[in-house]
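Spelled out from the first residue to the last, the chains are:
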Amino acid sequence: MTIDFGILSTYPPTQCGLATFSDSLRRALVAGGNRVGVVSVVDSVDVDAPDAVAHQWVRSDPLGAPSAAAALREYDVAVIQHEYGILPGRDGMEVLDVARKVDAPIITVLHTVLTDPSRRQRAILEQLGRESVELVVMTDTGRLRLIDHYDVDPDRIKVIPHGSADIQAVPAGTTLPTDRPAILTWGLLGEGKGIEWAIEAMAQLADLDPRPCYYVVGQTHPRVLEQFGEQYRDDLIRRAADAGISDMVRFDARYLDNSELHQIVRQADVVLLPYDSLDQVTSGVLIEAVAAGKPVVSTGFPHARELLAGGAGLLVDRQDPIAIAGALRRVLTEPGLAGSMAAHARQIAPNLLWSAVADRYQELALGALRPTAFAESA
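Calculation notes
Residues numbered from 1 in each chain as written. Predicted model: local features only at pLDDT ≥ 70, side-chain atom pairs only at ≥ 80, totals over all residues. Heavy atoms only, no water. Helix = DSSP H or I, 4+ residues; strand = E, 2+ residues; numbered from the N terminus. Rg over C-alpha atoms; globule rule 2.2 N^0.38 Å. Buried < 20%, exposed > 50% of the residue type's maximum accessible area, 1.4 Å probe, protein only. Contact = heavy atoms within 4.5 Å. Pairing = 2+ DSSP bridges. Axes fitted to C-alpha atoms, helices over the stretch in contact; angles between N-to-C directions. pLDDT = per-residue confidence, 0-100.

> Could you give me a rundown of the overall build of the protein, with the residues and numbers involved?
Secondary structure assignment for the protein yields 15 helices and 13 strands. Computed over C-alpha atoms, the radius of gyration of the protein comes to 21 Å, within 12% of the 21 Å expected from 2.2 N^0.38 for 378 residues, which places it in the range of a compact globule. Burial statistics for the protein: of 378 residues in total, 53% are counted as buried. Taking the contacts inside the protein whose residues are at least 6 apart along the sequence as the reference set, 73% of them involve residues at least 24 apart.

This is the structure in structure tokens:
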């Protein structure tokens, strides 16, 4: 059965994780034979918006919410990508004005589940839960947080992982030199990524022969760039220079398309996620690293603890360069360890591909379209 999906989200050319997620999900749903249109949240109208964008919700437009709802009513199922601070209104509260006016079944995808939300944040999420046929989280940790901290119906919560492209099928590129072990972190740059701790860790690996090289790939987050410029990146460059390891740390400040990025990921020997956050329940970078079959060293944020428990990675304490260095040294020097971690990652990978993830969303939509679906969940 062909389903018409309407997705409410940011969307390329906007550069953020939500936009990338929605683009990938749309492509996978279309590949599965469905029709998909996007209601894109923007700062101003983009006259060159992609063909997939059926409507643009300008954040400053006082009539934006009812217009967005009218656009979503043209579809069989509405998929709302929810993230605080992305949708219009304080904490994105105008999403509720949309949800109340959409008569199609709503599937809400929660990209953040806070354990200590403000009163407004809690109210928004709980009301979305009442307006939605299904609430999608991407990890079991996210599901438990919803049940423990919010007044939502547990029967409406479904766990569907963040998807990944089939990176193992992508040819390795030639961007990274092949004569040195390559450690890779990628994604939009900003404080909280923990790169400073990774640089301190690299200084402790200077005795290895050949010396590994740490690649930090990705431009500064547009919102961070707008407020602070390249302050964080400049500080990181100074840290590497002060530690005498400028030759061991390389920055690529471009926003790469998927083709080039995936070629770089294929070249990496280890993926490092030194994030500061204790609350992150979803990481697209982590999913793509595992789907690529790469050994991972990560701080123990919730998604990493869950996904790497089977042996695909090593967990370290946050803001602990000694632990990070020790884990990287093990992966790079301990016989058989990197191969074992990669094998575990490859076992997990098939269920993380966007094609498998889109099938799960299609199943949810089919269930939501049954005449009694919303009545049963209400």
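> Requested: an account of the sheet that holds strand β5 (residues 106–110), with residues and values cited.
With respect to topology, seven strands assemble into an open sheet ordered β3-β2-β1-β4-β5-β6-β7, the strand pairing being parallel. The open sheet is flanked by β3 (53–58) and β7 (157–159), the only strands paired with a single partner. Across the sheet, the axes of successive neighbouring strands diverge by a mean angle of 20 degrees, strand direction being ignored. Two strands pair when backbone bridges link them, and strand β4 (residues 77–82) and β5 are joined in this way by five bridges, in the parallel orientation. Among the inter-strand pairings, Q81 is bridged to a residue of β5, identified as V109.

> Lay out the side chain of S40 with the relevant residues and their values.
Mapped onto the secondary structure, S40 falls in strand β2 (residues 35–42). Residue classification places S40 among the buried positions, given a relative accessible area of 3%. Those residues in contact with S40, other than ones at most four positions away along the chain, are S9, T10, Y11, V53, H55, Q56 and W57.

> Outline the confidence of the model for the protein, supporting the account with residue identities and numerical values.
In the predicted model, the protein carries a mean pLDDT of 93, and 98% of its residues have values of at least 70. Counted against residues more than four places away or in other chains, residues 372–377, with its pLDDT under 50, gives 10 contacts.

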